[in-house]
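These are the residues of each chain, in order.
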Number of protein chains: 2
Amino acid sequence: MKLYTYFRSSAAYRVRIALNLKGLAWNALPVHLVRSGGEQHLPEYRSVNPAGLVPALDDEGAVITQSLAIIEYLDERHPEPALLPGDALQRARIRELALTIACDIHPINNLRVLQYLTREFGVDEEKKNAWYRHWVETGLETVEALLAAHRGQGRFCFGDTPTLADVCLVPQLYNARRFDCSVSHLERIHHVVEACEALEAFRRAAPESQPDAV
Amino acid sequence: MKLYTYFRSSAAYRVRIALNLKGLAWNALPVHLVRSGGEQHLPEYRSVNPAGLVPALDDEGAVITQSLAIIEYLDERHPEPALLPGDALQRARIRELALTIACDIHPINNLRVLQYLTREFGVDEEKKNAWYRHWVETGLETVEALLAAHRGQGRFCFGDTPTLADVCLVPQLYNARRFDCSVSHLERIHHVVEACEALEAFRRAAPESQPDAV
């Protein structure tokens, strides 16, 4: 399998974790989101992913975009270890947390959105960072509340094995730290992320471990 | 089942369509997102959904948030008619299109985001509408390209029955029309939406058909 990826993209980071947890062999096809005005806008890449975003997975010629669609696909094609274990309600809990990150935090802070704020509204660096932190802090407060309500006793978000929820949480916390967000009081999140970061599948997926890291 | 909903929320609209397609009985619990500063911020509602967003589904006391998590849950608990039919790749195509809307268009134009633009950046009405249209037009161009690449011959996004992709597309096009976005050239989208709007399950879910419509 081949993954169009960028080391700092947290959506690509999710898929890298999932591929590693499944023990699947994959090659990175780096797409530099900043260099030369953004390689994701080049026609070659637009023909892979018309949205001009990473990641995109190439599984023997079938190209799939959208990190959560990719991960659900991987989980259906390679069921073990399950990233969505349990009954319908347990799976809903996992997806609810994953989507709280993937819909309500990440897209609002995506590079193209930040670029729009600067370009069209003349938002300065300080205000842009306040925007970034606002959505991360608001969203991770919700994640902490969801964990408080539904987590149970496991080491990870839901149980004693990592799921799609953990796969989404770790990259989001990585970004929260990088942009100095105020999240140190979110204890459940920190416990979960610590458990994840002890696993090689998560460590090998981290931005600094990627071939395109600069 | 009970659904916390707001007539104009396109995320709630998705769930209303899914409930109707499944033929499930449900009651609306309206949460007015504008009146009194937004009923979604009241402590009573925060105890239902800590994110302070609609929709939320109450299935005999189990409350699930995030529209796509709710719909996947409904599809697992009530498999017929299937909203994610087919093999893993077909299901990936459906989720890819749904997530292109649910992650890459809708959250950036959510009410709380538009309110932030006005409150913190002093963005005026005209520029706010340009922002709104930019993300809808960019995102629906991607949807059209995905349909061009993968749609096949069916009446709906993928095949001859409505799926999660159609469930997400119809509310997004509703918003596109409401805000005068430039989308009339997106032929495949219009063909699909026309097929959907011929179905009672979609019509009964529309904003103007809701008890809280004003």
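Please refer to the structure higher up on the page.
Residues numbered from 1 in each chain as written. Chains lettered and ligands numbered in written order. Predicted model: local features only at pLDDT ≥ 70, side-chain atom pairs only at ≥ 80, totals over all residues. Heavy atoms only, no water.

Q: Looking at this model, I keep getting lost on the pattern of salt bridges. Mind explaining?
A: Opposite charge on two side chains makes pairing possible when the charged atoms of those side chains draw close. As enumerated under the stated definition, the model contains 26 salt bridges over all chains in all. Note that Arg95 of chain A and Glu76 of chain B form a salt bridge whose closest N and O atoms lie 3.1 Å from each other. Of this pair, Arg95 of chain A sits in helix α4 (residues 88-102) while Glu76 of chain B sits in helix α3 (residues 67-77), placing the two residues on different chains. Three or more residues joined by partner-sharing salt bridges are found here, namely Glu72, Glu76, Arg91 and Arg95 of chain A together with Glu72, Glu76, Arg91 and Arg95 of chain B. (Salt bridge = Lys/Arg side-chain N within 4 Å of Asp/Glu carboxyl O. Helix = DSSP H or I, 4+ residues; strand = E, 2+ residues; numbered from the N terminus.)

Q: Honestly, the environment of Glu197 of chain B in this entry has me stumped. Any pointers?
A: All names here are of chain B. Along the chain, Glu197 falls in helix α8 (residues 187-197). Taking relative accessible area as the criterion, Glu197 reaches 31% and is therefore assigned partly exposed. Remark: the alpha-carbon pair of Glu197 and Val170, spanning 27 residues in sequence, is separated by 8.1 Å. Here Glu197 is in contact with Val170, Arg177 and Arg203, once residues within four sequence places are set aside. (Buried < 20%, exposed > 50% of the residue type's maximum accessible area, 1.4 Å probe, protein only. Contact = heavy atoms within 4.5 Å.)

Q: Would you explain helix α7 (residues 164-178) of chain B in this entry?
A: Every α-helix winds through 3.6 residues per turn, so residues three or four apart in the chain are directed the same way. All names here are of chain B. With 15 residues, α7 extends 22 Å between its outermost C-alpha atoms, agreeing within 8% with the 21 Å of an ideal straight helix rising 1.5 Å per residue. The buried count for α7 comes to twelve of 15 residues, which makes it a mostly enclosed element. Residues Leu164, Ala165, Asp166, Val167, Cys168, Leu169, Val170, Pro171, Gln172, Leu173, Asn175 and Ala176 constitute the buried set of α7. Looking at the buried residues of α7, the elements they touch are α1 (10-21), α3, α4 (88-102), α6 (125-150), α8 and α9 (200-203). Within two residues after α7, Asp180 carries a phi angle of roughly 55°, on the positive side. (Expected span 1.5 Å × (residues − 1).)

Q: Explanation requested: the relation of the copies chain A and chain B in the structure shown.
A: The operation relating the pair of chain copies consists of a rotation about an axis and a translation along that axis. At an RMSD of 0.0 Å, chain A and chain B line up after a rotation of 180° and a shift of 0.0 Å along the axis. Both copies of the chain, as the preceding transformation shows, are related through a two-fold rotation axis. Residue Cys103 of chain A, judged by its C-alpha, is the member of chain A lying nearest the rotation axis, at 2.4 Å. When the interface residues of chain A are mapped onto chain B, 100% of them are again interface residues, pointing to one common binding face. (Least-squares fit on C-alpha atoms with pLDDT ≥ 70 in both.)

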